[in-house]
Amino acid sequence: MPGTNPPSPSMARVRFAPVEGAAKLFTPEFTEYLAMLHDRFAGRVRELCERRATVLRHAHEGDAPALRPPSEATTGDWKVPPVPAELSRPGIEISGPCSITSMFINALNPGPEGERAEGDLDDDEDSGGHRLIDTVRAAHNRVAAVQRELAYHDAERGRDYRIAEGELPFFMHRERGLHLDEPDVTVDGEPVCAAILGTALTLFYAGRAQAERGQGIYFYLPKLEASEEARLYRDLFDVSRERLPFLRQAAIRAIVLVESLPCVYEMEEMLWALGPYAAGLNAARWDLKASIFEYVMHDKQSVWPDRFGVDIKTTPFLANIFRRLVAICLRRGAVPIGGMATALPNPDPEVNRVAAEAIRKDKEWEAQQGFIRAWVAHIFHMKTAADPFKHLLAGGWRPTPAMANPDNYPIRIEVPDGPVTLEGTRRNARMVIEYVEGWLNGRGAKGIDSLAGKPGVHPALMEDLATGRMSVAQIAQRIRHRARTTDGPAATHDQALVKRLLQEEVEDILRLARASVKPGDARAEAAYREAEIRYRKAVKIAMRWIANYLELDFRSLGSYTRADLDRIATEAEGL
């Protein structure tokens, strides 16, 4: 048409699914930036993922990951650049999906005691939904939160959510990992790396808003396995500074999530590779355990006991990994961040009391190891989780010189002590069904009580993709090695046993859900029917997920599209 500007070359190269809000983000300026990042880094990402597969294959052939030879990264007196004061603040960070607006607002607001978290982990990874609509909503929500304009009206509940007055927590942005693609966004017909897309959106939009306000732009980097991957992020940040003028003077810092076994052996190298962007290390729990499972899945001598009995505090080799992480941070001037407290509030005060006591003990232990902060899944337990860090440091406690020496904490991968029980396998089965149902309903995190309906005091836990991986891995390991129970009813694990447990658990879940529907409540009845369909699908998908692990295929649930999962749900059972 006369007077119409021709489309930009980048708009012709970049294609995206027409989800709500996407067109406002995928402007000519942004798509030009995204296409440039894709051109610069997509090939490197593929090579790094191929290297991961090689390292895993070698481990299954008997060549396990190990420390690298001494290098500049592990010798000398170098330090990370001075860490911003707010990142060195003791307390707690609250974590949750950034794409679910009501949960994001709650995370930014004060808890029951009137105190806010020190930081907010706005998550697109383990608790995110992994759809393009989730990524788009998260990008919009991040900007609105920085600008204090984020609001949400829940029409079904008749409730409004708004950010309360007062200083907000600092933001920690967590995108999806390098191993995942976004099939609904392509460059020249090739799916873009999800990590590149998410980081680009955050830097281009929320990053601009933060830079304009003089705020630091902070990232958690998930699922890293080699220091070369950390170097890729350094280069991505450098290139983005060059391309986007508003980032030139901005403080961009990153904390590595130590949630893979290879990463355990390269923690110091990770900080070195990040260079000016290095800020700290985070001690992941369930993801690290899941990764260890993947590296020992072939070994019949490495069958683990029930996962709920493997506590970091009482499992010496895991505790030593965490202490080594702290020592490296102390040695290099970085911040060590602890693990997640996942208990959710309960109407029963006794359940809340027991949960709070467990959280307090856990965080006291972490603080005494030298961690300065940790994570919590819900504002209800925020103060309980934060106080141990604040009180210990306020009382004058400081790490000893021995705690800053990584050599005092050698890495050994061992088999934890504890029983192998049918009940433990059953709890894993229930967790996976519940989690996949939530995933099909657009959620990457879900409150799950794997002992629902059973006697005793047991709060629901906020479970995410990490605990899903761990549960699937443990089930598959027990089937693969025909593990016999060592406590409780005698049983040998095989596919038929696990199929029976999955069916029994889904029937129990549906029985409890059906009992909660009041007669004559048409809306509740319809919701139950929809949920029943999802739960039936979840069982089929859980079987396929477990079968993948039996075949040493550890692909992420997030690598499947919803159409893939719908197809799996119509196919023959995977087990």
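Please refer to the structure placed before this passage.
Thresholds, definitions, all that
- Residues numbered from 1 in each chain as written.
- Predicted model: local features only at pLDDT ≥ 70, side-chain atom pairs only at ≥ 80, totals over all residues.
- Heavy atoms only, no water.
- Helix = DSSP H or I, 4+ residues; strand = E, 2+ residues; numbered from the N terminus.
- Buried < 20%, exposed > 50% of the residue type's maximum accessible area, 1.4 Å probe, protein only.
- Contact = heavy atoms within 4.5 Å.
- Areas by Shrake-Rupley, 256 points an atom, 1.4 Å probe, with all protein chains shown as cover.
- Lys, Arg positive; Asp, Glu negative; His and termini not counted.
- Charge placed at Lys NZ, Arg CZ, Asp CG, Glu CD.
- Pairing = 2+ DSSP bridges.
- Axes fitted to C-alpha atoms, helices over the stretch in contact; angles between N-to-C directions.
- Expected span 1.5 Å × (residues − 1).
- Disulfide = S-S within 2.5 Å.
- Salt bridge = Lys/Arg side-chain N within 4 Å of Asp/Glu carboxyl O.
- Core = buried A, V, L, I, M, F, W, Y, C linked by side-chain atoms within 4.5 Å.
- Phe/Tyr/Trp six-rings, centres within 6.5 Å; stacked < 30°, edge-to-face > 60°.
- Parallel < 35°, antiparallel > 145°, perpendicular 65-115°, else oblique.
- Left-handed = near helix turned anticlockwise from the far one by under 90°.
- Nonpolar A, V, L, I, M, F, W, Y, C, P; charged D, E, K, R; others polar.

A. Expanded view of the overall build of the protein chain. When its secondary structure is counted, the protein chain shows 18 helices and 15 strands. Judged by the C-alpha coordinates and their principal axes, the protein chain covers about 70 × 65 × 50 Å. Classification of the 575 residues of the protein chain by burial places 59% in the buried group. Sequence separation of 24 or more characterises 80% of the internal contacts of the protein chain that already satisfy a separation of 6 or more. Element-wise, carbon and sulfur atoms account for 51% of the exposed surface of the protein chain, whose accessible area totals about 23200 Å². Between the averaged position of the 75 positive side-chain charges in the protein chain and that of its 82 negative side-chain charges there is a distance of 1 Å.

B. Inspection of the sheet that holds strand 12 (residues 335-341) at higher detail. One closed barrel holds the eight strands; their spatial order is 2-3-6-9-10-11-12-13, and the pairing between them is parallel. Adjacent strand axes in the sheet meet at a mean angle of 30°, parallel and antiparallel pairs treated alike. Pairing between strand 2 (residues 91-97) and strand 3 (residues 119-123): five bridges, direction parallel. When the sheet's bridge partners are listed, Pro-97 is paired in strand 3 with Asp-123. Relative to strand 11 (residues 278-283), helix 11 (residues 316-332) is tilted by about 165°, and along the sheet it contacts strand 10 (252-258), strand 11 and strand 12.

C. Structural view of helix 5 (residues 132-146). With 15 residues, helix 5 extends 21 Å between its outermost C-alpha atoms, agreeing within 8% with the 21 Å of an ideal straight helix rising 1.5 Å per residue. Positive backbone phi, approximately 60°, marks Arg-148, located one or two places after helix 5.

D. View of unusual backbone geometry. For His-130, which is not a glycine, the phi torsion comes out positive at approximately 65°. Within the secondary structure, His-130 sits in the loop between strand 3 and helix 5. The phi angle at Arg-482 is positive, at roughly 45°, despite the residue not being glycine. Mapped onto the secondary structure, Arg-482 falls in the loop between helix 15 (465-480) and helix 16 (495-515).

E. Fine view of the state of the cysteines. One pass over the structure, following the stated rule, counts zero disulfides. The thiol sulfur of Cys-98 is not disulfide-bonded, and the nearest other cysteine sulfur, from Cys-193, lies at 19 Å. The class of Cys-98 is buried, set by a relative accessible area of 0%.

F. Representation of the pattern of salt bridges. Counted according to the given criterion, the structure contains 61 salt bridges. The shortest N-O distance in the salt bridge between Asp-154 and Arg-157 comes to 3.8 Å. Classification of Asp-154 by relative accessible area gives buried; the value is 13%. The network of salt bridges with shared partners includes Asp-123, Glu-125, Asp-126, Arg-174, Lys-223, Glu-259, Asp-287, Glu-294 and Arg-469.

G. Structural view of the nonpolar core. Ranked by internal contacts, the top residues of the largest apolar core, which has 162 residues, are Phe-30, Leu-34 and Leu-502. Looking at this core, the element that brings in the most residues is helix 17 (residues 522-550), giving 13 residues. Contact partners of Leu-502, with chain neighbours within four places excluded, come to Ala-429, Ile-433, Val-539, Ala-542, Met-543, Ile-546 and Leu-575. Among the nonpolar cores identified, the runner-up in size contains 14 residues, and Phe-104, Leu-108, Ala-144 and Ala-209 belong to it.

H. Structural view of the packing of aromatic side chains. Summed over the entire model, instances satisfying the criterion amount to 22 aromatic pairs. Plain terms: the ring middles of Phe-26 and Phe-30 are 5.6 Å apart, the flat faces sit at 85° to each other, and that makes the pair edge-to-face. We note that Phe-26, like Phe-30, is buried. Taking the centre distance of 4.9 Å and the plane angle of 70° together, the rings of Phe-204 and Tyr-205 count as edge-to-face. By relative accessible area, which is 17% here, Tyr-205 ends up buried. Site record: aromatic cluster; members linked through ring pairs are Phe-16, Phe-26, Phe-30, Tyr-33, Phe-204, Tyr-205 and Phe-246.

I. Spotlight on the pairing of strand 8 (residues 190-193). Both strand 7 (residues 181-187) and strand 8 contribute to a ladder of four bridges, which runs antiparallel. Its bridge partner lying in strand 8, Glu-182 is registered against Val-192. Where strand 7 hands over to strand 8, the hairpin turn is made up of two residues, of which Asp-188 adopts a positive phi near 55°.

J. Main features of the packing of helix 10 (residues 286-296) against helix 15. Helix 15 packs onto helix 10 with a crossing angle of 30° between their chain directions and a minimal axis gap of 8 Å. Our classification of the angle between helix 10 and helix 15 gives roughly parallel. At the point where helix 10 passes helix 15, the crossing takes the left-handed sense. Where helix 10 approaches helix 15, its residues Trp-286, Asp-287, Lys-289, Ala-290, Ser-291, Phe-293, Glu-294 and Val-296 are matched on the opposing element by Ala-466, Thr-467, Arg-469, Met-470, Ala-473, Gln-474 and Gln-477. Each residue belonging to the contact of helix 10 with helix 15 can be placed in one class, and the counts come to seven nonpolar, four polar and four charged.

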